[in-house]
Amino acid sequence: MSSSIIAFNKPFRVLSQFSTDDGKATLAEFINVPDFYAAGRLDYDSEGLMLLTNQGAIQHIVASPDFKWPKTYWVQVEGEITDHALEQLRQGIELKDGLTKPAQASRLAAPDLWPRTPPVRYREAIPTSWIALQIREGKNRQVRRMTAAVGFPTLRLVRYAIGPYTLEDLNSGVWRFAEPTSELIEEVENFEKRRKRKTATPNRRRPSNKTPPTSRNQPVSHGKRVAGRKTGHQPASRTRRK
């Protein structure tokens, strides 16, 4: 049985979707495997780990904030990060769209990464530093806004991990198949059970008084489905940025 997950190291300035009308690079230039779709997105100007899958349940679990999969970022910031700024990140930052949840934040020795094209602009008079930041939510451009809010703008942003999956031994622009963990398999099974229970729940609404007399008290065949109701999985759609 083929793997249901692809781990991909997205390069800088690549869209996290398979098609576009603006001429920008997309996932299609790196991945040519049918029926795999992005589970979540990563900003055009960010690098690092993306997960793709051919199973709708896995796509939902990885992408939905309801399941709170931790995402770990390696962030190069402008200036020498302070203890106070790190503590602010840990406590939560008030952004325009609300207070962020507490994060894990710590200093990080400059990681041995692939060269970025184009490289981060070097300014001799302004030092830089690296932090590791782990969050469990997905506000728009959240990490960049968080570091800017504490006075240390982001220069380079690399997503290192999504849950148990990491960039280890995965170069920029390269992908590999990955197997679901036992925890993910359990989450998928629980998700499918809940979905089936919802599908099996009878419609207990009272019949409308507007029902034509000829249809009242007529038995409903168990071999017919309620009109307009769809059952089963819907195919996942490729993630598109707005």
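Computed from a predicted model, the values in this text were never measured in an experiment. (Residues numbered from 1 in each chain as written. Predicted model: local features only at pLDDT ≥ 70, side-chain atom pairs only at ≥ 80, totals over all residues. Heavy atoms only, no water.)

Participant: Would you mind going over the pairing of strand β1 (residues 5-10) with me for this structure?
Facilitator: Consecutive side chains along a regular strand alternate between the two faces of the sheet. Within β1, six of the six residues are buried, leaving the element largely enclosed by the surrounding structure. Taking every second residue as pointing to the same face, both faces of β1 are buried, with I5, A7 and N9 on one and I6, F8 and K10 on the other. Pairing of β1 with strand β3 (residues 47-53) involves six bridges; the strand directions are antiparallel. Opposite N9, over in β3, you have L49 as the bridge partner. Pairing geometry for β1 and strand β11 (residues 175-178), over four bridges, is antiparallel. In the sheet register, I5 faces β11, and the bridge partner there is A178. (Buried < 20%, exposed > 50% of the residue type's maximum accessible area, 1.4 Å probe, protein only. Helix = DSSP H or I, 4+ residues; strand = E, 2+ residues; numbered from the N terminus. Pairing = 2+ DSSP bridges.)

Participant: Is there a simple way to explain the nonpolar core in this structure?
Facilitator: Within the largest apolar cluster, 30 residues are counted, with the highest numbers of intra-cluster contacts made by L52, V75, L89, L133 and M146. Of all the elements in the fold, those that place two or more residues in this core are β1, β3, β4 (71-78), α2 (83-91), β8 (128-135) and α3 (142-149). The contacts of L52, once residues within four sequence positions are left out, are S4, I5, I6, F8, F18, L27, I31, F36, Y37, A38 and A39. In this structure, I5, A7, L49 and L167 belong to the second largest nonpolar core, which totals 25 residues. (Core = buried A, V, L, I, M, F, W, Y, C linked by side-chain atoms within 4.5 Å. Contact = heavy atoms within 4.5 Å.)

Participant: Could you clarify how one ought to interpret helix α4 (residues 182-200) in this entry?
Facilitator: Counting along an α-helix, one turn takes 3.6 residues, and residues three or four places apart therefore face a common direction. Between the first and last C-alpha of α4 there are 27 Å, a value that for 19 residues agrees with the 27 Å anticipated at 1.5 Å per step. Three or more residues of α4 are buried, namely L184, V188, F191 and E192. The buried residues of α4 occupy one face: seen down the axis, they fall within an arc of 100°. For α4, the exposed residues lying more than 90 degrees away from the buried face are S182, E183, R197 and A200. Of the surrounding elements, those touching the buried residues of α4 are β1, α1 (56-63) and β10 (165-166). (Expected span 1.5 Å × (residues − 1). Arc of directions from axis to C-beta.)

Participant: Explain the packing of aromatic side chains here, please?
Facilitator: Between two aromatic rings, the relevant description is the distance of the centres plus the angle of the planes. In this structure the tally under the stated criterion is six aromatic pairs. Ring centres 6.4 Å apart and planes at 20° place the aromatic pair W69 and Y165 in the stacked group. Placement of W69 in the loop between α1 and β4 and of Y165 in strand β10 is noted, with a sequence separation of 96 residues between them. For the pair W69 and Y165, a shared accessibility class is recorded, and that class is buried. Both rings, one in W175 and one in F177, keep their centres 5.1 Å apart while their planes meet at 85°; by these two values the pair is edge-to-face. Every member of this aromatic cluster is reached through a ring pair, and the members are F36, W175 and F177. Across from the ring centre of Y44, 4.4 Å away, lies the NZ or CZ of K24, which sits over that ring. (Phe/Tyr/Trp six-rings, centres within 6.5 Å; stacked < 30°, edge-to-face > 60°. Lys NZ or Arg CZ within 6 Å of the ring centre and 35° of its normal.)

Participant: Honestly, a positive patch on the surface in this entry has me stumped. Any pointers?
Facilitator: A surface patch of like charges, here positive, comprises K193, R194, R197 and K198. Mapped onto the secondary structure, K198 falls in helix α4. (Patch = residues over 30% accessible without salt bridge, like charges linked within 9 Å, V, L, I, M, F, W, Y side chains within 5 Å. Areas by Shrake-Rupley, 256 points an atom, 1.4 Å probe, with all protein chains shown as cover. Salt bridge = Lys/Arg side-chain N within 4 Å of Asp/Glu carboxyl O. Lys, Arg positive; Asp, Glu negative; His and termini not counted. Charge placed at Lys NZ, Arg CZ, Asp CG, Glu CD.)

Participant: What is the right way to look at the pattern of salt bridges in this model?
Facilitator: Close approach of charged atoms lets side chains of opposite charge pair. This structure, assessed with the given rule, holds 10 salt bridges. Where D43 meets R41, a salt bridge forms, and the shortest distance between an N and an O atom there is 2.6 Å. Of the residues examined, R41 reaches a relative accessible area of 34% and is grouped as partly exposed. Across the pair D97 and R145 runs a salt bridge, and its minimum N-O distance is 3.0 Å. Taken together, the positions of D97 in the loop between β5 (94-95) and β6 (98-99) and R145 in helix α3 put the pair 48 residues apart, joining distant regions of the chain. For D97, a relative accessible area of 41% gives the class partly exposed. You can call R145 partly exposed: its relative accessible area is 26%.

Participant: When you look at the side chain of Q17 in this model, what are you seeing that I'm missing?
Facilitator: Its place among the elements puts Q17 in the loop between β1 and β2 (37-38). Relative accessible area serves as the criterion here: at 5%, Q17 is assigned to the buried category. Among the polar contacts made by the side chain of Q17, one reaches the main-chain carbonyl oxygen of S19 at a distance of 2.8 Å. (Polar contact = N/O pair within 3.5 Å; in protein donor to acceptor, adjacent residues only side chain to side chain.)

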